[in-house]
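Now for the letters of each chain:
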2 protein chains.
Amino acid sequence: MIEKDRLRLALIGCGYFARYHAAAWRVIPQVELVAVCDRAPERAQAFAEQFDVPRYYTNPEALFRAERLDIVDIVTTPESHRELVELAARYGVHVICQKPMALSEADCVAMVESCERAGVSFMVHENFRWQRIFRRARTLTEAIGEPFFLRLWFRSHYDVFARQPYLATAERFIILDLGVHLLDLARFLMRDEFSTLYCITQRVHPQIRGEDVATILLRSRRGAAASIELSYASFAPRELFPQTLALIEGPLGTVLVEADGLLRLITSSGHTEERLAPPSLPWQEPPGEWIQEAVLAIQQHFVDCLRRGLMPETHGRDNLRTMQLVFAAYRSADTTSSIALDQSESERRG
Amino acid sequence: MIEKDRLRLALIGCGYFARYHAAAWRVIPQVELVAVCDRAPERAQAFAEQFDVPRYYTNPEALFRAERLDIVDIVTTPESHRELVELAARYGVHVICQKPMALSEADCVAMVESCERAGVSFMVHENFRWQRIFRRARTLTEAIGEPFFLRLWFRSHYDVFARQPYLATAERFIILDLGVHLLDLARFLMRDEFSTLYCITQRVHPQIRGEDVATILLRSRRGAAASIELSYASFAPRELFPQTLALIEGPLGTVLVEADGLLRLITSSGHTEERLAPPSLPWQEPPGEWIQEAVLAIQQHFVDCLRRGLMPETHGRDNLRTMQLVFAAYRSADTTSSIALDQSESERRG
């Protein structure tokens, strides 16, 4: 439980997506953004100016030495996550870190254990489950009984490489970058963990290095099925990037998450639909409005949990389960066989 | 090659679906329906009267002894398929047999080999691929390059048990009865065979014996993914039974099979859509119009192939591949692991 009025926060990594983090931090009243850090000094400086941040750093260690921080927000590419999270833990600073947690299961486990030993709160910035439409969809599932089937699909032809060119050269791309979101959403919507997984990956864009299409079928512990469809090579009647669509079925009915905030609930007694109002934040930019709103929601959630002494939803050890699914999906695709998930580690501790 | 004017045909099994077979045979000019056979004499007689068939039998052996047949159409439940197909082979009569071919892989292989030894043509009545919309969809896929992804879904809450009560007591239900259609369609639309499969089955209806929900993910030899969704426990915004919907994606575009004959083609150069005219056959009955038309199309195809000395599309050895997928799906669900398909048998021979 943290009782001071305003938490002192720094943000590391001033790249493309960090602007939405910073914009959101600025409107969370319990937080004060005191510093930013980026290896590129001109980028750190410009970012600090843009968001009225008093100080900027180019060296994370220097940042932690100089500032008395309560929270650090890590928005770098995943290669540096472990080092930065462990640094925060050494300085006793609570951490929120962008997904994917890290690039190997060993790194992920080490990060979680470092934070647990240091007694700092560690949350992964798993924002898709904070999209308003998925919060509402989960509430609606209360009317359909225990879900037996979920399909989550993200099929797009958006040129994500133009904005984030490093994605084109990553050895592993769509599952690690985007699939992690849908796998986490699947855990959130099914209210169950998965015990077996089968995955097929493909590279359709000729000029990239990693996979840009993946299809994952998961079996939950109680025997439900979840089909996760990921593609950046799909032509659609209308390009919906970055919207994720969902079909959730239970013995008593169906919940449908459709484009642009449309939600349907179908049960034996009828059919209702509602359309959520689109987000309206001063800094929002198309086409990512629903996500930009989710960034604010998850950051507010982290702060609320810190102040009330609660575990945030996607705390590190919880997110290990999502990351296990990510790594298992690659193993499945590489071996063209299904993977039984060993959850003993997280079970024992979580 | 058969050169006589009209082929003499008998139909065995006068149950619910046989009426659509008989109605279609009657309008195929190269065929003469000379006899029907059913264990229940009153059913055989009533059916013969309804369709103006000169003779009826209650014993298949008696039928074959008494009639000089060119073709027999087997429309019984699958338990009797092997015995009846082998009987036809012994009498040198060409066979068209309802799906599923049989209830075990050993039976299926034996049936195919009996017909090959006897030199009779053997086709499985795999009619879904003869729905007009799927013939057209396959043609449209020529514009999208080699498909990398297919989703075929049949999600319904139709009370299929009311009309075919034996389905409620079958040990294996939805994959064997309906999945066989979608697995065959997947082979047809992907123009490729499958090498690995993972399947999850569920029973949602409490009062039935077999599975009423199944989800199957298949990997094709060239690495494409096909997701097959089957359910008789799904509430939908509108009940579409017995329509199958499809999404087919290639590097150059997408083909969508939507409800009521709507087809879309989306490529980088634009979006076109067409709506196929609904079938209009004198004997058609809702909601199965598209299927009833497909029955006529497949039977006409069989006759055309017989007269021109060609192999029909879903000849027995071809259909062995579909049946291998069916049995592998059950094995996968039972063992909660993926199955590598051994296609050496059909490869060697087919």
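All figures in this text were calculated on a predicted structure; none of them were measured in a lab. (Residues numbered from 1 in each chain as written. Chains lettered and ligands numbered in written order. Predicted model: local features only at pLDDT ≥ 70, side-chain atom pairs only at ≥ 80, totals over all residues. Heavy atoms only, no water.)

S.K.: Please explain the relation of the copies chain B and chain A as it appears in this structure.
M.R.: Between the two copies of the chain lies a rotation about an axis combined with a shift along it. Expressed as a screw transformation, the operator carrying chain B onto chain A has a rotation angle of 180° and an axial translation of 0.0 Å, and the superposed copies differ by an RMSD of 0.0 Å. Look at the turn and shift together and you get a two-fold axis relating the two. Proximity to the rotation axis, assessed at the C-alpha, singles out S338 of chain B in chain B; its C-alpha lies 2.6 Å from the axis. Interface overlap between copies is the fraction of interface residues in one copy that are interface residues in the other; for chain B against chain A it reaches 100%, indicating a shared surface. (Least-squares fit on C-alpha atoms with pLDDT ≥ 70 in both. Contact = heavy atoms within 4.5 Å.)

S.K.: What am I meant to see in the domain arrangement of chain A here?
M.R.: In many reports, interface size means the accessible area that the parts give up when they come together. Residues and elements named next belong to chain A. As far as domains go, chain A holds domain 1 (7-120) and domain 2 (128-285 + 322-340). The gap between the C-alpha centroids of domain 1 and domain 2 is 27 Å. Every contact between the two is made by 15 residues of domain 1 and, on the other side, 13 residues of domain 2. Counting each side, the surface lost to burial between domain 1 and domain 2 is near 1200 Å², with a carbon and sulfur contribution of 67%. Per-residue buried area on domain 1 facing domain 2 is highest for Y16, K99 and E105; these three make up 43% of the total on that side. Taken together, the links from domain 1 to domain 2 amount to two salt bridges. We note a salt bridge from K99 to D177, for which the minimum N-O separation is 3.4 Å. Where domain 1 packs against domain 2, one counts three residue pairs in polar contact (both at pLDDT 80 or more). Put simply, the parts of the chain that give the side of domain 1 that touches domain 2 at least two residues each are α1 (18-26) and α5 (105-118). Ranked by residue count, the leading element in the side of domain 1 that touches domain 2 is α1, at four residues. Residues belonging to the side of domain 1 that touches domain 2 are distributed by class as follows: 10 nonpolar, two polar and three charged. (Domains from an automatic or database assignment. Buried area = accessible area lost by both parts, 1.4 Å probe. Salt bridge = Lys/Arg side-chain N within 4 Å of Asp/Glu carboxyl O. Polar contact = N/O pair within 3.5 Å; in protein donor to acceptor, adjacent residues only side chain to side chain. Helix = DSSP H or I, 4+ residues; strand = E, 2+ residues; numbered from the N terminus. Nonpolar A, V, L, I, M, F, W, Y, C, P; charged D, E, K, R; others polar.)

S.K.: What's the story with the UniProt feature "domain: GFO/IDH/MocA-like oxidoreductase" (unreviewed entry) in chain A in this structure? I'm lost.
M.R.: Within this numbering scheme, the UniProt entry marks residues 138-238 of chain A as carrying the feature "domain: GFO/IDH/MocA-like oxidoreductase" (unreviewed entry). The annotated region residues 138-238 of chain A carries 28% helix and 31% strand content, and the separation between its end C-alpha atoms amounts to 26 Å. (UniProt positions renumbered as here; feature names shortened; annotations may be inferred.)

S.K.: Any chance you could explain the side chain of D212 of chain B here in plain terms?
M.R.: Residues and elements named next belong to chain B. Residue placement: D212 occurs in the loop between β8 (194-202) and β9 (213-220). Comment: no salt bridge for buried D212; closest opposite-charge side chain is R203, at 6.6 Å. At 2.7 Å, the side chain of D212 and the side chain of H205 are in polar contact. Ignoring any residue separated from it by four or fewer positions in sequence, one finds D212 in contact with F173, I174, Q202, R203, V204, H205, L230, S231, Y232 and A233. (Buried < 20%, exposed > 50% of the residue type's maximum accessible area, 1.4 Å probe, protein only. Lys, Arg positive; Asp, Glu negative; His and termini not counted.)

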